[in-house]
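Listed here are the chains, written in short residue letters.
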Amino acid sequence: MKLKNGDKEDGAGSNQIWLERLSKSNDFVHEHTSLRDEDPFWISYYRTLISSDILHKDVLPYLQEQLPLEELKSRIPVQEIIFSKDADEIIQNILNGSLAIQKHQYVDECLLINIANSKFRDVGMATMESSAIGPQVGFIEELDTNINLVRKRLPVPELLVKEMKVGELSKTRVAVLYMDGIADPENVNTVIQRIKDIQYDHIQDSSYIAAMIEDNSNSLFPQSIPTERADRVAAGLTEGKIIIAADGSPNLVILPVTFMESFIAMEDYSYSWIISNFFRLLRLAAMFISTMLSPMYVAIMTYHYELIPVRLLETLVGSRAAVPFPPFLEALFLELMIEMVKEAGIRLPLKIGQSLGVVGGIVIGQAVVEAGLTSNVLLILVGLGSLASYTSPVYKFSNTIRFIKFPVIFLAQWFGLLGVFLAFLITQIHLLRLTSLGRPYLSNYPIRNTSFQDLWVRLPFSKQKENPKTLRPQKKWKSTGTGKKTGPANDFYE
């Protein structure tokens, strides 16, 4: 049954308000369900939002007995049931998948039963942060499921969740997770206040929130880390970090973060600390390789031939003998071509994208060299730099590395090696000034001993005794280092 304007009866009150607003949509249902027409129940719901199985199995059978609403609430086997007379509350609950039951059509009081259709994909492996060994569970788009995955790893009452609604139109459920007694209350309050201050129509992903609350939205470097790994979130919480989760997003946001955290993979903790340090430093070196190889080629081949050994110079000159472009245009053309191949591989369907990456890297690269548009030496350097850009476990940081090489190439063309040095200097100054939730983005400034426990390098677990001081955690020590009890049973927050 659909209501029309003018159907309002005396005493309809707020009931008519929400019925008129919702009944304009074709998927809204408002009808009676009783076999006895003299005293029916009236139900209202969006058929696209509710579970029809729950409606027919767990709700409708009880509506045939003509029970009072209070007794219905105690008998219907659904957990979330509330009474309400407020039109705004009724509308919001119905839009979230609730069923509204009225004893009479124009009675204000409704019994709201949450029978939302919660069909989401099953929990699976992390796709963007895959690892060879270690936990493989990744988050999904359902907020409660994601919180459940975190609570399974940290089954303590100190793990607190603060929920709120964000988005003028989307009304997205957003949760802030932190460890009470470990996380700095100032960080927690700052995150919550910044989220509450967001004025935006729709929030479709947690990345929207991260972009809106970061200290410097114009920086190329991410001041928060999006992750789909439950183990990374749990590890961050125990150190005093704040986690932001949004309904509909498979990525949770970690903050505050530091520069070096973009080179830390969770599988590092599954290896020997010596091997872990090797891989961590290898990723850091790969970042410099990715950003500096092409600019150094442009600078040296344009201005600084004297820096090249004679035997290597003969090889470079021979490889560029048939190239009609200067090193700058040669490098820029090849870098842009590689980036287009990468972007096309990401946007195309999975199997086609993989084929394109192989074909594009081999066939197109070989054709460009044979056509004399670029040298084979530069092709090797660009390919190596391209591989190095993906060694960071944080995909968001990898995109920063992919982009930052282009302004460095321009500076190398204009000023040679001085331009490369200027680019490094400007980047370093920017990183020194950058903050994440007001905390230093470069963890080694000022120098703290905790930076050398599990950041720049990873010491054995027995040596990782303190939480990072940059987070100002309430709980300073995370390990005694001996495995023996050193204090009373209630010294958790000491």
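Residues numbered from 1 in each chain as written. Predicted model: local features only at pLDDT ≥ 70, side-chain atom pairs only at ≥ 80, totals over all residues. Heavy atoms only, no water.

*Asks:* Even after reading the chapter, I still don't get the overall build of the protein chain, so can you show me in this structure?
*Replies:* Across its full length, the protein chain carries 15 helices and 12 strands. Across the 494 residues in the protein chain, those meeting the buried criterion constitute 46%. The contacts of the protein chain with a sequence gap of at least 6 include a subset with a gap of at least 24, amounting to 63%. Carbon and sulfur atoms form 59% of the exposed surface of the protein chain, whose accessible area is close to 25,000 Å². (Helix = DSSP H or I, 4+ residues; strand = E, 2+ residues; numbered from the N terminus. Buried < 20%, exposed > 50% of the residue type's maximum accessible area, 1.4 Å probe, protein only. Contact = heavy atoms within 4.5 Å. Areas by Shrake-Rupley, 256 points an atom, 1.4 Å probe, with all protein chains shown as cover.)

*Asks:* What am I meant to see in the pattern of salt bridges here?
*Replies:* Where charged atoms of side chains with opposite charge meet at close range, the side chains can pair. Tallying each qualifying case throughout the model produces 14 salt bridges. Between E335 and K405 there is a salt bridge whose closest N-O contact spans 3.5 Å. Taken together, the positions of E335 in helix α11 (residues 327-347) and K405 in helix α14 (residues 395-415) put the pair 70 residues apart, joining distant regions of the chain. Taking relative accessible area as the criterion, E335 reaches 1% and is therefore assigned buried. Using a relative accessible area of 1% as the deciding quantity, one classes K405 as buried. Among the ionic pairs, E339 bridges to K342, the shortest N-O distance being 3.4 Å. You can see E339 and its partner K342 sitting in helix α11, three residues apart, about one turn around the helix. (Salt bridge = Lys/Arg side-chain N within 4 Å of Asp/Glu carboxyl O.)

*Asks:* Where do I start with helix α4 (residues 87-95) in this structure?
*Replies:* Along an α-helix, residues three or four positions apart point the same way, because every turn accommodates 3.6 residues. Those residues of α4 that fall on the buried side of the exposure criterion are A87, I90, I91 and I94. One side of α4 holds all its buried residues, which, seen down the axis, span an arc of 100 degrees. Of the residues that open α4, the one with a side-chain oxygen 3.2 Å from the backbone nitrogen of D88 is D86. (Arc of directions from axis to C-beta. Polar contact = N/O pair within 3.5 Å; in protein donor to acceptor, adjacent residues only side chain to side chain.)

*Asks:* When you look at the pairing of strand β9 (residues 242-246) in this model, what are you seeing that I'm missing?
*Replies:* A regular strand carries its side chains on alternate faces of the sheet. Burial analysis of β9 places five of its five residues in the buried class, the great majority of the element. Taking every second residue as pointing to the same face, both faces of β9 are buried, with I242, I244 and A246 on one and I243 and A245 on the other. Alignment of β9 against strand β10 (residues 252-255), held across three bridges, turns out to be antiparallel. Paired with I242 across the bridge in β10 is L255. Counting the residues that bridge the hairpin from β9 to β10 gives five residues, and of these G248 lies at a positive phi of roughly 95 degrees. (Pairing = 2+ DSSP bridges.)

*Asks:* Help me understand the packing of aromatic side chains in this model?
*Replies:* Centre-to-centre distance and the angle between the planes together describe a pair of aromatic rings. Within this structure, the stated rule accounts for 11 aromatic pairs. With centroids separated by 5.6 Å and ring planes inclined at 75 degrees, the aromatic side chains of F259 and F397 adopt a geometry described as edge-to-face. Here the residue F259 occupies a position in the loop between β10 and α9 (273-303), and F397 occupies one in helix α14, the gap between them amounting to 138 residues. You'll find F259 and F397 in the same group, each marked buried. Taking 5.8 Å as the distance between ring centres and 50 degrees as the angle between the ring planes, the aromatic pair formed by Y271 and F279 counts as tilted. Given a relative accessible area of 25%, Y271 falls into the partly exposed group. By relative accessible area, which is 30% here, F279 ends up partly exposed. (Phe/Tyr/Trp six-rings, centres within 6.5 Å; stacked < 30°, edge-to-face > 60°.)

*Asks:* Explanation requested: the sheet that holds β10 in the structure shown.
*Replies:* Strand pairing in a sheet relies on backbone hydrogen bonds, with the paired strands running either antiparallel or parallel. The five strands are arranged β6-β7-β9-β10-β8 in an open sheet whose pairing can be described as antiparallel. At either end of the open sheet lies a strand with only one pairing partner, and these are β6 (159-166) and β8 (225-227). Shown here is a sheet whose adjacent strand axes are inclined to one another by a mean of 25 degrees, direction ignored. Relative to strand β7 (residues 172-179), β6 is paired through eight bridges, and the arrangement is antiparallel. Residue V161 lies in a different strand from β7, and its bridge partner there is L177. Each of β6, β7, β8, β9 and β10 touches helix α8 (residues 230-239); the most contacted strand, β7, lies at about 55 degrees to it. (Axes fitted to C-alpha atoms, helices over the stretch in contact; angles between N-to-C directions.)

*Asks:* Even after reading the chapter, I still don't get the packing of α9 against helix α15 (residues 417-433), so can you show me in this structure?
*Replies:* Two packed helices can be described by the angle between their axes and the distance between those axes. Two elements in contact, α9 and α15, have axes whose closest approach is 9 Å; the angle formed by their N-to-C orientations is 155 degrees. Accordingly, the angle class assigned to the pair α9 and α15 is roughly antiparallel. Residues F288, M292, P295, M296, A299 and I300 of α9 form the contact with α15, whose participating residues are L417, V420 and F424. Residues belonging to the contact of α9 with α15 are distributed by class as follows: nine nonpolar, no polar and no charged. (Parallel < 35°, antiparallel > 145°, perpendicular 65-115°, else oblique. Nonpolar A, V, L, I, M, F, W, Y, C, P; charged D, E, K, R; others polar.)

*Asks:* Even after reading the chapter, I still don't get the nonpolar core, so can you show me in this structure?
*Replies:* One recurring pattern in soluble globular proteins: nonpolar side chains tend to sit buried together. Core analysis: the biggest nonpolar cluster contains 37 residues, and V150, L177, F221, L237, F259, F397 and Y441 have the highest contact counts within it. Of all the elements in the fold, those that place two or more residues in this core are α5 (143-153), β7, α8, β9, β10, α9 and α14. Counting 22 residues, the second-largest nonpolar core is a separate cluster that includes L316, L334, I338 and V382. (Core = buried A, V, L, I, M, F, W, Y, C linked by side-chain atoms within 4.5 Å.)

*Asks:* Would you mind showing me how to read the pairing of β7 here?
*Replies:* When you tally the buried positions in β7, you get seven out of eight residues, the bulk of the element. Of the pairings in the sheet, the one linking β7 to β9 comprises four bridges and is antiparallel in character. Looking at the pairing, L177 lines up with I243 of β9.

*Asks:* Where do I start with the confidence of the model for the protein chain in this structure?
*Replies:* A low pLDDT means the predicted coordinates there should not be read in detail. Averaged over every residue, the pLDDT of the protein chain is 82; residues scoring 70 or more account for 87%. The secondary structure element of the protein chain with the lowest average pLDDT is helix α12 (residues 350-370), at 68, and the one with the highest is β9, at 94. Counted against residues more than four places away or in other chains, residues 1-12, with its pLDDT under 50, gives 23 contacts. The low-confidence segment residues 480-494 (pLDDT under 50) makes 12 contacts with residues lying over four places distant or belonging to another chain. (pLDDT = per-residue confidence, 0-100.)

*Asks:* Quick question: what am I supposed to make of the side chain of H304 here?
*Replies:* Summarising the element assignment, H304 is placed in the loop between α9 and α10 (310-319). The residues contacting H304, other than those within four sequence positions of it, are A299, G416 and L417.

*Asks:* What am I meant to see in unusual backbone geometry here?
*Replies:* Negative phi values dominate among residues other than glycine, just as trans dominates among peptide bonds. Look at the link from L255 to P256: it is a cis peptide, with omega at -5 degrees. Note that P256 resides in the loop between β10 and α9.

*Asks:* What is the right way to look at the packing of α9 against α14 in this model?
*Replies:* The geometry of α9 relative to α14 is characterised by a closest axis approach of 8 Å and an angle of 15 degrees between their N-to-C directions. Taken as axis vectors, α9 and α14 run roughly parallel relative to one another. Of the two possible hands of crossing, α9 and α14 adopt the one that is right-handed. The residues of α14 that touch α9, namely those facing M287, S290, T291, S294, P295, V298, A299, T302 and Y303, are F397, I401, I404, K405, V408, I409, A412, Q413, W414 and F415. A breakdown of the residues in the contact of α9 with α14 according to their chemical character gives 13 nonpolar, five polar and one charged. (Left-handed = near helix turned anticlockwise from the far one by under 90°.)

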